[in-house]
Amino acid sequence: MDCGTTFAKYVLFIFNAIVSILGILVIVFGVLILNSIGMIEVDGQTGFPPQAAMPIGMITIGSIVVFISFLGCCGAIREDVCMTMCYAVLMLILLIIQLIVVVLLWTNQDKIETAMDNVIESAWQSEVREAGVFEVVQKSLKCCGVNSAADYALNGRIPPKSCCPADETCIVINYYPGCKKEARKFITGSSEKAKYFGLGLIVVELVGFIFACCLANNVRNSKRRNAY
């Protein structure tokens, strides 16, 4: 085995071992965020609110990354050309998908915010029919009403405790802002983080893809030379 093959083999193995650990941490972090967000009931159906899209995405991507990285580790340590090329192809597909997602996040910010507004409005209509439905949204986003606490007054109701910090008396001066405003703030912040995290991940995956191709090519050439 030449030095180039040995170098590519161990770099790829170490690279994928680190990526696997990072993928597991991403999954754990996504689960913790998802657990803190909680569930919401809209029109009689229970599910996660729109802000749960980010942690669900993190869990999904983390799981895929762990699987692909494990494949890369096995292919590198065994010097298996087929397994290493499968890893390279999957990494390239994942890289392209992430690039598309990043581009969509950059070009569809307004549509994402509008969709979030529609869900908030729908959840509020459920709250009007059945008190307490909007509680999960307010607790997860730290907000009150659709536009402000005045939405409760317009419906002849007193804002619930979820409209204020838990350790403070719930009075007008410490009511949270409206949920539309806080949802837009959350979406904007999450999108910005996702964009740059996605770009960084693409660069890292590109490095893994290049080393996988180099290793597979070197191993294939080495086997051909030994065959003569």
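- In the annotation of an unreviewed UniProt entry, the chain is listed under the name Tetraspanin and assigned to Musca domestica.
- According to the UniProt record, the Sequence similarities (unreviewed entry) comment for the chain is "Belongs to the tetraspanin (TM4SF) family."
- According to the UniProt record, the Subcellular location (unreviewed entry) comment for the chain reads "Membrane".

1. Quick look at the pattern of salt bridges
No. 1: The tally for this structure, following the rule as stated, stands at 4 salt bridges.
No. 2: In this structure, the salt-bridge partner of Glu182 is Lys185, at a minimum N-O distance of 3.4 Å. With a gap of 3 residues between them, Glu182 and Lys185 both fall in helix α7 (residues 179–227), about one helical turn apart.
No. 3: Through salt bridges with shared partners, a single ionic network connects Glu113, Asp117 and Arg184.

2. Focus: the UniProt feature "transmembrane region" (unreviewed entry) in the chain
No. 1: Annotation from UniProt places "transmembrane region" (unreviewed entry) at residues 12–34, 54–77, 84–106 and 196–216.
No. 2: End C-alpha atoms of residues 84–106 are separated by 33 Å, and the span's content is 100% helix alongside 0% strand.
No. 3: The straight-line gap between the two end C-alpha atoms of residues 196–216 is 30 Å; of that span, 100% is helix and 0% is strand.

3. Details of the packing of helix α2 (residues 53–78) against helix α3 (residues 81–107)
Packed helices, taken two at a time, are described by the angle their axes make and the gap between the axes.
No. 1: At a closest axis distance of 8 Å, the pairing of α2 and α3 adopts a crossing angle of 155°. Between α2 and α3, the crossing angle belongs to the class labelled roughly antiparallel. As for how α2 packs across α3, the hand of that crossing is left-handed. When α2 is examined against α3, the residues Ile61, Ile64, Val65, Phe67, Ile68, Ser69, Leu71, Gly72, Cys74, Gly75, Ala76 and Arg78 are found in contact with a partner set consisting of Met83, Thr84, Cys86, Tyr87, Leu90, Met91, Leu94 and Gln98.
No. 2: Considered class by class, the residues forming the contact of α2 with α3 number 14 nonpolar, 5 polar and 1 charged.

4. So, unusual backbone geometry
No. 1: Residues other than glycine seldom take positive phi values, yet Lys142 does so here, at roughly 55°.
No. 2: Along the chain, Lys142 falls in the loop between α5 (135–141) and α6 (150–154).
No. 3: Residue classification places Lys142 among the partly exposed residues on the basis of a relative accessible area of 47%.

5. Description of the side chain of Ser162
No. 1: Along the chain, Ser162 turns up in the loop between α6 and α7.
No. 2: A distance of 2.7 Å separates the side chain of Ser162 from the side chain of Gln138, its partner in a polar contact.
No. 3: Filtering out sequence-adjacent residues up to four positions away, Ser162 remains in contact with Glu135, Gln138, Lys139, Cys143 and Tyr176.

Conventions adopted
Residues numbered from 1 in each chain as written. Predicted model: local features only at pLDDT ≥ 70, side-chain atom pairs only at ≥ 80, totals over all residues. Heavy atoms only, no water. UniProt positions renumbered as here; feature names shortened; annotations may be inferred. Salt bridge = Lys/Arg side-chain N within 4 Å of Asp/Glu carboxyl O. Helix = DSSP H or I, 4+ residues; strand = E, 2+ residues; numbered from the N terminus. Axes fitted to C-alpha atoms, helices over the stretch in contact; angles between N-to-C directions. Parallel < 35°, antiparallel > 145°, perpendicular 65-115°, else oblique. Left-handed = near helix turned anticlockwise from the far one by under 90°. Contact = heavy atoms within 4.5 Å. Nonpolar A, V, L, I, M, F, W, Y, C, P; charged D, E, K, R; others polar. Buried < 20%, exposed > 50% of the residue type's maximum accessible area, 1.4 Å probe, protein only. Polar contact = N/O pair within 3.5 Å; in protein donor to acceptor, adjacent residues only side chain to side chain.

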